[in-house]
Structure formats: C-alpha cells, structure tokens
Amino acid sequence: MAQPPPEPTPLPSPPNDGVTSLAYLPQSIDQTSNDNRQLLASTSWDGALRIHDTIAKSHLTTQVMECGPILSMAVPSTSSATAGNGAVITGGMDGSIKQFDISSSSMSLIGLHAPTATAADAKKVACSCLSSLGESNPNLIASAGWDGKFYLWDVRSSGGKAVSTLELPGKAFSIDASRDGTKVVVATSGRRMCFFDIRKNALENAAEDDDGEDKENSIAKLLVDRESSLKFQTRCVKFFPDGVGMAVGSIEGRVAIEYLDDIDIQSGKKKYAFKCHRVNDTIYPVNSISFHPILGTFATGGADGTVVTWDGANKKKLSTIAKLPTSIACLAFNDDGSQIAMASSYTFEEGERDHPRDEIYIRDVLESEIRPKGAK
C-alpha cells in the first residue's frame, strides 16, 4: 500500500511581511548544544532574521538586523572561521552585509555595497543577492545588488572593503555558487547571465601573491556575460549539485535547463526548457528552485502556490508535493533532503490586494517524490 503523502506544517511566529529567503544551517553547526535540533533561518521585508527548530517545530529567536528590509541571506561554509558559532549572513535594503552569531546573539557589519550612500539613493545599493562559496573558499561570501556590482567579502573582516568588486550589466536578481565554490552565476536585468571564476583558496593565494592592485583581480574574474535562453525576466538560478549545468526560472512560468560548455564545463548535453506553474490560461512566475542535495532532482516553487519536483536529467515531472495558500516565495531542502521548507508569501504578481498571511511551512519528503525516474 502506498505511503500517504506528509502534510505541510506551519511554523510558529512567522515573519510579519514578505519572506525573502530560507536556509537550513548545517547540523554540525549546532552539535555543541543539542544534536536533535535542525535549525532553519528565514529573512523578511520586516527587517528581521528568524531562527526556527524544524524538529521541535519551535521558534528560537528573532533578530532585527537594522538594515531596513532584508533581501538576501547566506549561511557560511561549515569550515569558515565563523561557522562554529552558527553564523548567518544577511543583505539589507541599505546595502549592508551583516553577520548574526546565533550562539552569542551578537551582530556585526561585514561591509557595505556603497559606504557613501545617502538616504535618497539607499534603495539603489540594496544587497539583493548573497551566496557562500563552499569548502574551497570557506571565508568568502559573494554578493550582488541593485547597484549593478558583484562583490566578494571576507567574513572575518568588520566593516572593511570588499576583497573583489566587478561590474555587472544590470541590477542583480539571483545568485548561486557551484558546490566547490569556484564558479558563481549572477542573473541580472536585461536577461543577462554573468559567470565568474573564483580562485580556490582565493584569500590565501592572493596574500601570497601580494601583487598590489592586481591582487583583487587575481581572486575573481568574469568568464562569460551572455543572454538567458528564456525570453522573459529571470527570477531564480541554481547550479546542479554536480556543477555541469544549471536551472533557470523566469516570470513566465518556465524553467530552462542549461549546460555550461561556454565556460569549459563539458556535459555533452543540449539545453531545453519546459512550462510549469500554469493554471488554465494563467501563467505564474517561478520564484524559487532548490536542488535535492543527494539525488540531484529539484523542486520549484511558483506564484500559483504549488511546489513541484522534477527530474531534470530525464525531463520528467515527479510530484506536486504541496499546494499552499499563496505564492511560494522561496524553498530550501535540509542537508540530507529529507525535509523541505517552503515560504507561503504573496509576491505581488497581481499587485496590491488582500492575501493570506505570510507563513513558513515544513514538510517531510518521501523518496518516491524526489527519486529520479528509473532509479531503484
């Protein structure tokens, strides 16, 4: 007899405004206090970072980050200098990149997109995208924003200068790093996709080189700036776990599977796109994509309120695992892919209107809902 699908469970004390990001903290971070906790961080337009325990289904803390709305978040690598304390990095509307230490409940400034920004142009420097860079660069965080720039930051610094700054062709909408931390993709306005190469152990090697002005350029370089294969604005982009390709979601209810031969990552496969998150004649944006950390399949969250799993390698839909009250703003799998967090949070695709309250749901994931087609 088939196992009944698990029901999504809302977490207590959800954000008071639109949810902008979700991320599970690696379980190794929290081993000093309680092995049985699974911590989930969330950020919101209400300017607060929240931490929940998804096993106990409890709210642990809320920290106002004093940056206006929080637009982005990243969790540092487990081997970074700050990971042992349970660090979470946030990007604010004011362009600030701040770090919250969970164990001490302390907050610190890492840097600013534009240190001289005035109140009048503060929104132009908003840090809209953040990503950690994995084990090869555990102390680096990548950011991009509405100022049309890409930055790398040392998480050990305090209010200092970015270690690398490069121009983007437009406002940044989404960012992701390959699992090894050596490639970063940024999706911008104008349907552009920018790929950056990040040197392994970049901070250490740059310090050894000590080439003055060339040091910054030795850490990161632009590989390719090309147009997206989708015809409408990009909403989200994610690398495959194996790094040979990526999934791109657009506002026009479509996902593209693209490969990276143009940056010398050979796959031997052809790109394709498919329609999704459509109800009759209504087309909804694809707001979020999250890959299963082990199986390589992925989930999409749409403004139609559904979460759907897909097998990109075999071009197959797997399962609709949730239908929530309003838009799915963001998604995240936990470390072993056994649980998914989903933000049900209206994303204003239909303009100002009454809408259900913002909620964060968690749901166990059955292997049958996420296993690739043909896999045993």
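Here the structure is a predicted model, which is why all the values come from computation and not from measurement. (Residues numbered from 1 in each chain as written. Predicted model: local features only at pLDDT ≥ 70, side-chain atom pairs only at ≥ 80, totals over all residues. Heavy atoms only, no water.)

Observations concerning the overall build of the protein chain
Convention followed: Strands here are runs of E lasting at least two residues and helices are runs of H or I lasting at least four, both read from the DSSP assignment and numbered beginning at the N terminus. Three exposure classes are used, based on accessible area relative to the maximum for each residue type with a 1.4 Å probe and protein chains only: buried under 20%, partly exposed in between, and exposed over 50%. Should any heavy atoms of two residues lie within 4.5 Å, those residues are considered in contact. Residue exposure ignores everything except the shown protein chains as possible cover, and the areas themselves are Shrake-Rupley values with a 1.4 Å probe.
Secondary structure assignment for the protein chain yields three helices and 30 strands. In the protein chain, buried positions account for 56% of the 376 residues. Of the contacts made within the protein chain by residues no fewer than 6 positions apart, 52% connect residues no fewer than 24 positions apart. Carbon and sulfur atoms make up 47% of the accessible area of the protein chain, which totals about 16,000 Å².

Structural notes on the environment of Phe348
Looking at the element boundaries, Phe348 is found in the loop between strand S29 (339–344) and strand S30 (359–364). Accessibility expressed as a relative area gives 40% for Phe348, which makes it partly exposed. Along the sequence, Phe348 and Ala303 sit 45 residues apart, while their C-alpha atoms lie 8.9 Å from each other.

Some remarks on the nonpolar core
Our working definition: To define a nonpolar core, start from buried Ala, Val, Leu, Ile, Met, Phe, Trp, Tyr and Cys residues and group those joined through side-chain atoms within 4.5 Å.
Phe150, Leu152, Val184, Val186, Phe196 and Ile198 are the most contacted members of the largest nonpolar core, which has 20 residues in total. Among the secondary structure elements, those contributing two or more residues to this core are strand S11 (140–144), strand S12 (149–154), strand S14 (172–177), strand S15 (183–188) and strand S16 (192–198). Excluding residues that lie within four positions of it along the chain, Phe196 makes contacts with Phe150, Leu166, Leu168, Thr182, Lys183, Val184, Val186, Lys221, Leu222 and Leu223. Judged by nonpolar contacts, the second largest core, of 15 residues, contains Cys236, Ala247, Ile257 and Val286.

A word on the sheet that holds strand S28 (residues 328–333)
Worth spelling out the cut-off: Strands pair, by our definition, only if DSSP identifies at least two bridges between them.
Across the sheet, which stays open at both edges, the four strands sit in the order S1-S30-S29-S28 with antiparallel pairing between neighbours. Edge positions in the sheet fall to strand S1 (9–10) and S28, since each has one partner strand and no second. As paired elements, S1 and S30 share two bridges and run antiparallel to each other. Counted as the bridge partner of Pro10 is Tyr361 from S30.

Some thoughts on the pattern of salt bridges
Filter applied, for reference: Should a side-chain nitrogen of Lys or Arg be within 4 Å of a carboxyl oxygen of Asp or Glu, the pair is scored as a salt bridge.
In the structure shown here, the tally under the stated rule is 13 salt bridges. In this structure, the salt-bridge partner of Glu167 is Lys149, at a minimum N-O distance of 3.7 Å. You can see Glu167 sitting in strand S13 (residues 164–167) and its partner Lys149 sitting in strand S12, a full 18 residues away along the chain. One connected set of salt bridges, linked through shared partners, spans Glu252, Arg254 and Arg278.

Structural notes on the side chain of Lys183
Heads up, the rule is: Side-chain atoms alone can form a polar contact between residues adjacent in sequence; in general such a contact is a pair of N or O atoms within 3.5 Å, and within protein one must be able to donate a hydrogen while the other accepts it.
Mapped onto the elements, Lys183 comes out in strand S15. Polar side-chain contacts of Lys183 include one of 3.0 Å to the side chain of Asp197. Those residues in contact with Lys183 that sit more than four places away from it in its chain are Asp176, Ala177, Ser178, Phe196, Asp197, Leu223, Phe239, Ile263 and Ile265.

Observations regarding the side chain of Ser250
Its place among the elements puts Ser250 in strand S19 (residues 245–250). The class for Ser250 is buried, based on a relative accessible area of 0%. Within the structure, the side chain of Ser250 is placed 3.1 Å from the backbone nitrogen of Glu252, a separation counted as a polar contact. The contact partners of Ser250, leaving out residues within four places of it in the chain, are Leu230, Phe232, Gln233, Thr234, Arg235, Pro285 and Val286.

Topic: the environment of Asp197
Topologically, Asp197 is positioned in strand S16. Between the C-alpha atoms of Asp197 and Thr182, which are 15 residues apart in sequence, the distance is 5.8 Å. Each residue touching Asp197, except ones within four places of it in the same chain, is listed here: Thr182, Lys183, Ile219, Ala220, Lys221 and Leu223.

Some words on the sheet that holds strand S17 (residues 220–227)
Note the cut-off: Axis geometry follows a simple rule: fit a line to the C-alpha atoms, using only the stretch in contact for helices, then measure angles between N-to-C directions, giving values from 0 to 180 degrees.
Spatially, the four strands line up as an open sheet ordered S14-S15-S16-S17, and their pairing is antiparallel. Every other strand in the sheet has two partners, leaving S14 and S17 as the edge strands with one partner each. Averaged over all pairs of adjacent strands, the angle between strand axes in this sheet comes to 20°, irrespective of strand direction. Both S16 and S17 contribute to a ladder of seven bridges, which runs antiparallel. Looking across to S17, one finds that Phe195 is bridged to Val224.

Quick look at the packing of aromatic side chains
Keep this limit in mind: Only the six-membered ring of Trp is used, alongside the rings of Phe and Tyr, when aromatic pairs are assigned; centres must lie within 6.5 Å, and planes under 30 degrees apart are stacked while those over 60 apart are edge-to-face, with the rest tilted.
On inspection of all chains with the given rule, the structure shows eight aromatic pairs. Seen in terms of ring centroids, Phe150 and Phe196 are 4.1 Å apart; in terms of plane orientation they differ by 5°. Their pairing is stacked. One end of the pair, Phe150, is in strand S12; the other, Phe196, is in strand S16, with 46 residues separating them in the sequence. The exposure class of Phe150 is buried, given its relative accessible area of 0%. The rings of Phe240, Tyr259, Phe291 and Phe298 are connected pair by pair, giving a single aromatic cluster.

Points about the pairing of strand S18 (residues 234–239)
With five bridges connecting them, S18 and S19 associate as antiparallel partners. Bridge pairing in S19 places Phe239 opposite Met246. From the end of S18 to the start of S19, which pair antiparallel, there are five residues, and Gly243 there has a positive phi angle of about 80°.

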